[in-house]
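A structural walkthrough
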Amino acid sequence: MLQHDVIIVGGGLAGCRAALEIKKKNPNFDVGLVAKTHPIRSHSVAAQGGIAASLKNVDPEDNWEAHAFDTVKGSDYLADQDAVEILTKEAPDVIIELEHLGVLFSRLEDGRIAQRAFGGHSHKRTCYAADKTGHAILHELVNNLRRNGVTIYDEWYVMNLIFEENQAKGIVMYHIETGHLEIVQTKAVMFATGGYGRVFNTTSNDFASTGDGLAMTAAVGLPLEDMEFVQFHPTGLFPVGVLISEAVRGEGAYLRNSDGDRFMEKYAPKQMELAPRDITSRAITLEIRAGRGIHPDGSAGGNFVHLDLTHMGKEKIMERVPFCWEEAYRLVGVDAINEPMPVRPTAHYSMGGIPVNTDGRVRCNSTELTEGFFAAGECACVSVHGANRLGSNSLLECVVYGQRVGGKIADYIGDRLFPEINEQQYLDEAKNRIGQLLNQSGNLRIHNLRQQFQDAMSDHCGVFRTEATMAAGLEQIQHLKDQYNHLFLDDKDIHWNTELIEALELQSILKVGEAILTSAYHRKESRGAHSREDFPTRDDQTYLAHTLSFCNDTGVTIEYMPVVINRFEPKERKY
Ligand SMILES: Cc1cc2nc3c(=O)[nH]c(=O)nc-3n(C[C@H](O)[C@H](O)[C@H](O)COP(=O)(O)OP(=O)(O)OC[C@H]3O[C@@H](n4cnc5c(N)ncnc54)[C@H](O)[C@@H]3O)c2cc1C
């Protein structure tokens, strides 16, 4: 059995920032960090547009209160305002700290960090490194991990959380290269396992964003929070779903329908293309439904709209958003200097996640906390994004809360002892699970079941939802869940068995999908990204509350938890 004072699962921005902070607080702490990918291949590396902070380099009128207000309004008043205050107040300092770590931000003429406009933000406050911001930050963090003596387990898949008597005691992990199983005994487990875009059939997320951390948390009987709030990013490149960053609109690109009209005029006359993502995604979906989408041959009635950069000019496009230009050119052969890009909404971000307090401590219900279990980043719900996240607030959350939770873990483990673990029991369970998957005699292939499930989630719980579609969806996914035992794996080897990993990930997708659909079914209102056609208005009387979903053998049960409102009273949201 391996031992570490702390084990962090996830090598993205949140996990790496936390690991560094623990080491900074006490270099003698033994910190392990596990990732199923290499850390620098975590989805954070794909973040393009930037990271928000009221540095006032471009807009001297900006301040943290304005950033906090924009965030709460963007969240449709579901964000916890104490958590938002921490996020926005600490933002300028964490950016300076990243710079001191070596992150190369883009610059203004006078040498200060440049800042651009982003959807839902009332000031130009998004710092960036061209359109490769996540890449710039993650590489520096990972370099610093090595320098600070964090033990890295890359390409190990964490299968289980060891959680007994309300306490996290360790994890079970599987070495993808060799098939070797290990138990890690620890004083604190931190999950920073990222999002779950792969629950849907069209997503901007990488293949590893399968919600494993959430599924492992749910598997030990702990709740998940606000799972119905899934962000659909307005501009996924058609047909692949890959992201065209909001930075492109931040730099001045237009959205046009088949008539060539800038249709956002109808939906958000003031903010236009820079309205928040939920509003813009709904607008695009409605234009497509009304027959003003575009076909690949340019005629009306198709499945996408146009993102038009042609008026911006080659120089600006190549200086500010070169990667987006390249993506469209490489993936769909569109040269955005001369022609518009085809785009439509794509599943992008999970506002919900593992419920935590502002110290990153995981909740076991609406009033109590677990011991030894922490989470931060996209897998956690603290909740700073409420019902809808503003662009460039997620990288910020990972860094602010990664750092903060790392510090809290260092304080927490100070005088704690290693817990007792029955190593053999957990090893046997994991071996049996793998053995069963390898040996079962079904005839269903993983990609087949996964595709059916992703299609069901996209069809029944997408940008718009109704009771009838979701009821049908719930029935369908029950049936698909039952099919899991009929999977057949072609690869029986223990070395580099990526099919086995996909089978384990599929189990996460199934669990997380059910929590999303059930939470959405029960919330009979429209708020932020959760848009019910049968309940089109927000209902603060009943639903100004966080959803807690508990997955158990018989299904998912729902409870609600109060929202922290201490600064901004809920108002109608207009842009
Ligand atoms: C294309 C794209 C562009 C984006 N652009 C922006 C942007 O410009 N600004 C912004 O603020 N946000 C942006 N976001 C969102 C933001 O990038 C993410 O929310 C954030 O990076 C998540 O970081 P994280 O540390 O929580 O998780 P991730 O970076 O997703 O890392 C998760 C880690 O967990 C590990 N892991 C998961 N499951 C297991 C397991 N079972 N066993 C072992 N390891 C596991 C993975 O290997 C990985 O290391 C973007 C997202 C996408 C998809």
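Throughout what follows, the structure given in this document is the object of discussion.

Reading guide: rules and limits
- Residues numbered from 1 in each chain as written.
- Predicted model: local features only at pLDDT ≥ 70, side-chain atom pairs only at ≥ 80, totals over all residues.
- Heavy atoms only, no water.
- Near = heavy atom within 4 Å.
- Polar contact = N/O pair within 3.5 Å; in protein donor to acceptor, adjacent residues only side chain to side chain.
- Helix = DSSP H or I, 4+ residues; strand = E, 2+ residues; numbered from the N terminus.
- Phe/Tyr/Trp six-rings, centres within 6.5 Å; stacked < 30°, edge-to-face > 60°.
- Buried < 20%, exposed > 50% of the residue type's maximum accessible area, 1.4 Å probe, protein only.
- Lys NZ or Arg CZ within 6 Å of the ring centre and 35° of its normal.
- Pairing = 2+ DSSP bridges.
- Axes fitted to C-alpha atoms, helices over the stretch in contact; angles between N-to-C directions.
- Contact = heavy atoms within 4.5 Å.

Topic: the site of the ligand
Of all residues adjacent to the ligand, which total 37 residues, the nearest are Ser42, His43, Ser44, Glu378 and Ser394. Within the side chain of Ser44, a nitrogen or oxygen atom sits 2.5 Å from an oxygen atom of the ligand. Interatomic distance of 2.8 Å between a backbone N/O atom of Val158 and a nitrogen atom of the ligand. Put simply, the parts of the chain that give the shell around the ligand at least two residues each are α1 (13–25), β7 (156–164), β14 (341–350) and α11 (394–413).

Details of the packing of aromatic side chains
Evaluation of the coordinates by the stated rule reveals 10 aromatic pairs. Ring centres of Phe238 and Phe304 lie 4.7 Å apart, and the angle between their planes is 40°; this geometry places the pair in the tilted category. On the criterion of sequence distance, the pair formed by Phe238 in the loop between β11 (230–237) and α6 (247–250) and Phe304 in the loop between α8 (277–292) and β13 (305–308) is long-range, its members being 66 residues apart. Here the two residues Phe238 and Phe304 agree in accessibility, since each one is buried. Between Tyr543 and Tyr560, the aromatic rings sit 6.1 Å apart at their centres with planes inclined by 75°, giving edge-to-face as the arrangement. Placement of Tyr543 in helix α16 (residues 540–543) and of Tyr560 in strand β20 (residues 555–562) is noted, with a sequence separation of 17 residues between them. By relative accessible area, which is 11% here, Tyr543 ends up buried. Judged by its relative accessible area of 33%, Tyr560 falls in the partly exposed class. By the ring-pair criterion, three or more aromatic residues cluster together here, those being Phe163, Phe191 and Phe373. Over the aromatic face of Phe418 sits the side chain of Lys187, whose NZ or CZ is 4.9 Å from the ring centroid. Lying across the ring of Phe488, Lys492 places its NZ or CZ 4.4 Å from the centre.

Description of the sheet that holds strand β12 (residues 254–256)
Read from one edge of the open sheet, 4 strands run β11-β14-β13-β12, paired in antiparallel fashion. The open sheet terminates on both sides in strands that have one partner only, identified here as β11 and β12. Averaged over all pairs of adjacent strands, the angle between their axes in this sheet comes to 45°, without regard to strand direction. Where β11 lies against β14, 6 bridges are found, and the strand directions are antiparallel. Bridge pairing in β14 links Val230 to Ser350. Where α8 meets the sheet, its contacts fall on β11, β12, β13 and β14, and the angle it forms with β11 comes to roughly 60°.

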